[in-house]
Amino acid sequence: MDRHDQFSSAVFVPGPVAVSPTDVAQFVRLDQCRRFLRLRLHELRAGSTFLRATGVAPQEAPPLLARSGVDFEAELVRQLRAVLPVEHFRAETRKREGRADDNARVIDAARALPTGATLCLLQPRLRADLDGWLITGDVDLLRLDRRPDGRLTAFIADIKSSAGSKVEHRLQVAFYHELLRTLFADHGLDHEPIELGIVYRGDVDDLEGKAEADQADLSEQRVAAEQRFGITGGYLECVPDPDSYVAAVRDLVTDSRSAARQAIGADFAEIPFHLTYKCDWCRYNAFCTRWCAEHDDLSLIPHLTEGEKRALVRAGVTTNRELATLKTLPEKSSDLVAAPGKEALVATLATTWPVGPRLDELVHRARRYRRYKGDDIRALSTIPHKGHGSLPYCDPAHNPNLVRVYLDAQHDYLTDRIYLVGALVVASEGGVELPHRRRSIVRLADGPVDAAAEEWLFLDWIADTLRAIVELAAPDHDGAARAPIHLIFFNRFDQRLFLDGLGRHATGILGATPLYDFVTQLAAYDSPIATFLVDEIRELKNYPMVCQSLQAVSRYLKFDWYTPEPFGELFHTRLFDHVGRFPDEERPEHDTSPWYTARSRFNSQIPLEYAYAAWGELAPPADGAADEFRAFRRVTPEILHSFQARRLEAMEWIAKDFSGN
């Protein structure tokens, strides 16, 4: 029996089914992936045996994000205690007293609150059966007030160490709203409408440069944080329309046709899913990638969309091999023809939206993937009939002194700022790249950056980058400095990082340099001055791996990630750990190669833990506890600086796999 038959809906009978607001918020963050929700509900109900049986471990949240949240919350609690009465509820106390929740204590505290008094409850665990769902949630902050007229008011706040509040944060407090409302109703406590809010870190130093309306909103939120909770190091967003988020609780979980009810009632194999960028952050990342490899799932086809996958499955094409063999590729031809016996199916798919217009491309990609897995099948390394890309051509007669500038930036999501930026300037002379006409310019902050540090980082780097372009560019045949310049990013996210960072410092940077205009201008009537390698790869190349990140594509093209340092080893965790190998006895029968995509790693950014390790900002492990940062601690500022320079060289390596336009 297939071990995945264990995911029977029968495991959820009898009810109620346990779920937490955090799990549902994660479900929303993952684009409402119903497979994640089903696996999470199954794990809460039956345990994680299914993961061990598959030979994988769950992927925990990035440890730095969790640690940052703890530190931020501790600082806010310290401030809160200085101005308001506080009662802290702790897990160890519940365990010692044999309690599953703090329901009774919250009710007692609300009833005992004198007229005109205030009490803040920290981390009370609320638990209630809401329409057959056993929902348990730890409320970060619950402020109770007894007004002079005797009416009880309640304000629920979630604490987030983030640059701003998000939809999933508001959804989370909406669950707490329903738990508290139910608890008050069950115990006959009258109260005013429950208010909701998000306390977030933001950036208290970065109001300058924002639009006037945004400045007003943020200033108001800073005032609200201080007035409500005595907090001076963050913002408080009061959720303006809590009813809409409470309605979302019903849509997602408690209603009879909710997403959660559909997830637990469906046959596991019928729950739609697809591998995308969101999977990089999922707890079941390794489980789903291995499942795809074992089942030759269509999700492993590069650049296939979820809608296209659904259309293929509805037509009866459920594996890569089935897709690859829909058409044949005659020798010495790049044109596919319908395989014998498949003519009717091919004709149907050709008129099926959205897969029809891309059917030949998807068959080419499936053939390339199946050849990569060992099938004796002819496949092309490029996608035919796709035209030209945007990378410029360079030879002695065409753009002979072209200057290519490769750009890469690293983002600190805790501060929402750039902490590491690099450029590789490569100038040609007579259509030839020469060693003395190339230079790498990399700048790494000394620690987590604030507004001033980020501005200095950009100013210093921009000055040296522009200087390098001027010094390295070869003159024209008549001695004039007219070298064409082309910017190369790996993807559009990288360009956005640059533009957002430059925009944050408009006064200091944009007035001093033309870089912002330069990055976004057109080189000719309709030719962009910038290339995004991901777009070129998607349009023109037929690489076989599903996650086409900087590290994966360059590695496939034989780029050396072990010079001048063993970067593939030093940065293995969450970056170079995307390849796995099946033991011989477990290798799927449909594959000759034992290698497979073991983890979703679409993202090309350096995991932030490495930067904080280089800065010495990672806390040591507690006595007797495992070191959650052990995999990151070997990185130093020098290694991180060198790695960024090597990443730029990897971009150049990839670009050379294109002939140029």
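Predicted, not measured: the structure shown is a model, and the values here were computed from it.

Definitions and limits used
Residues numbered from 1 in each chain as written. Predicted model: local features only at pLDDT ≥ 70, side-chain atom pairs only at ≥ 80, totals over all residues. Heavy atoms only, no water. Pairing = 2+ DSSP bridges. Helix = DSSP H or I, 4+ residues; strand = E, 2+ residues; numbered from the N terminus. Axes fitted to C-alpha atoms, helices over the stretch in contact; angles between N-to-C directions. Contact = heavy atoms within 4.5 Å. Buried < 20%, exposed > 50% of the residue type's maximum accessible area, 1.4 Å probe, protein only. Core = buried A, V, L, I, M, F, W, Y, C linked by side-chain atoms within 4.5 Å. Salt bridge = Lys/Arg side-chain N within 4 Å of Asp/Glu carboxyl O. Phe/Tyr/Trp six-rings, centres within 6.5 Å; stacked < 30°, edge-to-face > 60°. Parallel < 35°, antiparallel > 145°, perpendicular 65-115°, else oblique. Left-handed = near helix turned anticlockwise from the far one by under 90°. Polar contact = N/O pair within 3.5 Å; in protein donor to acceptor, adjacent residues only side chain to side chain.

(A) Seen up close, the sheet that holds strand β16 (residues 530–532). Spatial ordering of the open sheet is given by β14-β13-β12-β15-β16, a layout of five strands whose pairing is mixed. Edge positions in the sheet fall to β14 (432–444) and β16, since each has one partner strand and no second. With direction set aside, neighbouring strand axes in the sheet form an average angle of 20 degrees. Sheet analysis places strand β12 (residues 403–412) next to strand β13 (residues 417–429), joined by 10 bridges and oriented antiparallel. Counted as the bridge partner of Gln410 is Leu420 from β13. Those strands touched by helix α16 (residues 451–472) are β12, β13, β14 and β15 (485–489), and its axis lies near 0 degrees from that of β13. Along the sheet face, helix α20 (residues 533–540) touches β15 and β16 and points at about 60 degrees away from the line of β16.

(B) Highlighting helix α1 (residues 21–29). Burial within α1 is extensive, with seven of its nine residues counted as buried. For α1, the secondary structure elements touched by its buried residues are β1 (17–19), α2 (34–46), β5 (133–138), α7 (167–186), α9 (242–254) and α10 (259–265). Where α1 terminates, the next one or two residues include Asp31, which has phi positive at roughly 55 degrees.

(C) Highlighting the sheet that holds strand β3 (residues 118–122). Read across the sheet, six strands follow the order β2-β3-β6-β7-β8-β9 without closing on themselves; strand pairing throughout is mixed. Single-partner strands in this sheet number two, and they are β2 (86–88) and β9 (235–238). Averaged over neighbouring strand pairs, the angle between their axes works out to 25 degrees when direction is ignored. Judged from the five bridges that link them, β3 and strand β6 (residues 141–146) form a sheet pairing that is antiparallel. Across the sheet, Leu121 pairs through a bridge with Leu142, a residue of β6.

(D) Expanded view of the nonpolar core. If you look at the biggest cluster of nonpolar residues, it comprises 96 residues, and the most contacted ones within it are Phe287 and Leu323. Here this core takes nine residues from α7, the largest share from any one element. Excluding its chain neighbours within four sequence positions, the residues that come into contact with Leu323 are Leu298, Ile301, Leu312, Val317, Leu362, Val363 and Ala366. One finds Ile606, Tyr610, Tyr612 and Phe643 within the second-largest nonpolar core, a separate group that totals 52 residues.

(E) The arrangement of the side chain of Glu308 in detail. Mapped onto the elements of the fold, Glu308 is located in helix α12 (residues 306–314). With near-sequence residues (within four places) excluded, Glu308 lies in contact with His303, Pro354, Val355, Arg358 and Leu362.

(F) Main features of the pattern of salt bridges. Under the counting rule described, the total for this entry stands at 57 salt bridges. Here Glu192 ties to Arg151 by a salt bridge, and the two come within 2.7 Å at their closest N and O atoms. With a gap of 41 residues between them, Glu192 in the loop between α7 and β8 (195–200) and Arg151 in the loop between β6 and β7 (152–160) connect regions that are remote in the sequence. Measuring nitrogen to oxygen at the nearest pair gives 3.4 Å for the salt bridge that ties Lys386 to Glu361. Residue Lys386 is found in the loop between α15 (359–372) and β12, and its partner Glu361 is found in helix α15; the two are separated by 25 residues along the sequence. Of the residues examined, Glu361 reaches a relative accessible area of 10% and is grouped as buried.

(G) How the structure looks around the packing of aromatic side chains. Counted by the stated rule, this structure contains 29 aromatic pairs. Pairing Phe7 with Phe268 gives two aromatic rings, centres 4.4 Å apart and planes at 25 degrees, and the pair type is stacked. Of the two residues, Phe7 sits in the segment before β1 while Phe268 sits in the loop between α10 and α11 (285–295), which places them 261 residues apart along the sequence. Like Phe7, the residue Phe268 is buried in the burial classification. Between Phe50 and Tyr284, the ring centres sit 6.1 Å apart and the planes meet at 40 degrees, which makes this aromatic pair tilted. Placement of Phe50 in helix α3 (residues 49–54) and of Tyr284 in the loop between α10 and α11 is noted, with a sequence separation of 234 residues between them. Judged by its relative accessible area of 1%, Tyr284 falls in the buried class. Put simply, the rings of Phe559, Trp561, Phe567, Phe571, Phe576, Tyr610, Phe632, Phe643 and Trp653 touch in pairs and so form one group of aromatic residues.

(H) The arrangement of unusual backbone geometry in detail. The step from Val13 to Pro14 runs through a cis peptide bond, and the omega angle for that step is 0 degrees. Considering the arrangement of structural elements, one finds Pro14 in the segment before β1. Residue Trp353 is joined to Pro354 through a cis peptide bond whose omega torsion reads 0 degrees. Position of Pro354 among the secondary structure elements: in the loop between α14 (343–350) and α15. The phi torsion at Asp31 lies on the positive side, around 55 degrees, for a residue other than glycine. In this fold, Asp31 is placed in the loop between α1 and α2. Within the chain, Asp416 stands out as a residue other than glycine whose phi angle is a positive 55 degrees.

(I) Local environment of the environment of Ala347. Looking at where Ala347 falls in the secondary structure, it is placed in helix α14. Taking the C-alpha atoms as reference points, Ala347 and Tyr235, separated by 112 residues in sequence, lie 58 Å from one another.

(J) Representation of the environment of Tyr419 within the structure. Within the secondary structure, Tyr419 sits in strand β13. Residue classification places Tyr419 among the buried positions, given a relative accessible area of 0%. For the pair Tyr419 and Ala453, spaced 34 residues apart in sequence, the C-alpha to C-alpha distance is 8.6 Å.

(K) Main features of the packing of α16 against helix α17 (residues 492–504). α17 packs onto α16 with a crossing angle of 110 degrees between their chain directions and a minimal axis gap of 10 Å. Of the possible angle classes, the one that applies to α16 and α17 is roughly perpendicular. Seen from above, α16 lies across α17 with left-handed handedness. Only Phe498, Gly501, Leu502 and Arg504 of α17 make contact with α16, whose side of the interface consists of Glu454, Phe458, Trp461 and Ile462.

(L) View of the side chain of Arg365. The residue Arg365 is located in helix α15 in this model. Judged by relative accessible area, Arg365 falls into the buried class, the value being 1%. One polar contact links the side chain of Arg365 to the main-chain carbonyl oxygen of Arg538, over a distance of 2.7 Å.

(M) Broad picture of the pairing of β12. For β12, the buried fraction is high: 10 of the 10 residues fall into the buried class. The alternating pattern of β12 places Val403, Val405, Leu407, Ala409 and His411 on one face and Arg404, Tyr406, Asp408, Gln410 and Asp412 on the opposite face, and all of these are buried. Hairpin remark: β12 followed by β13, antiparallel, with four residues in the connecting loop; positive phi at Asp416, about 55 degrees. Strand direction decides the pairing type here: β12 and β15, joined by four bridges, are parallel. The residue of β15 that forms the bridge with Tyr406 is Ile488.

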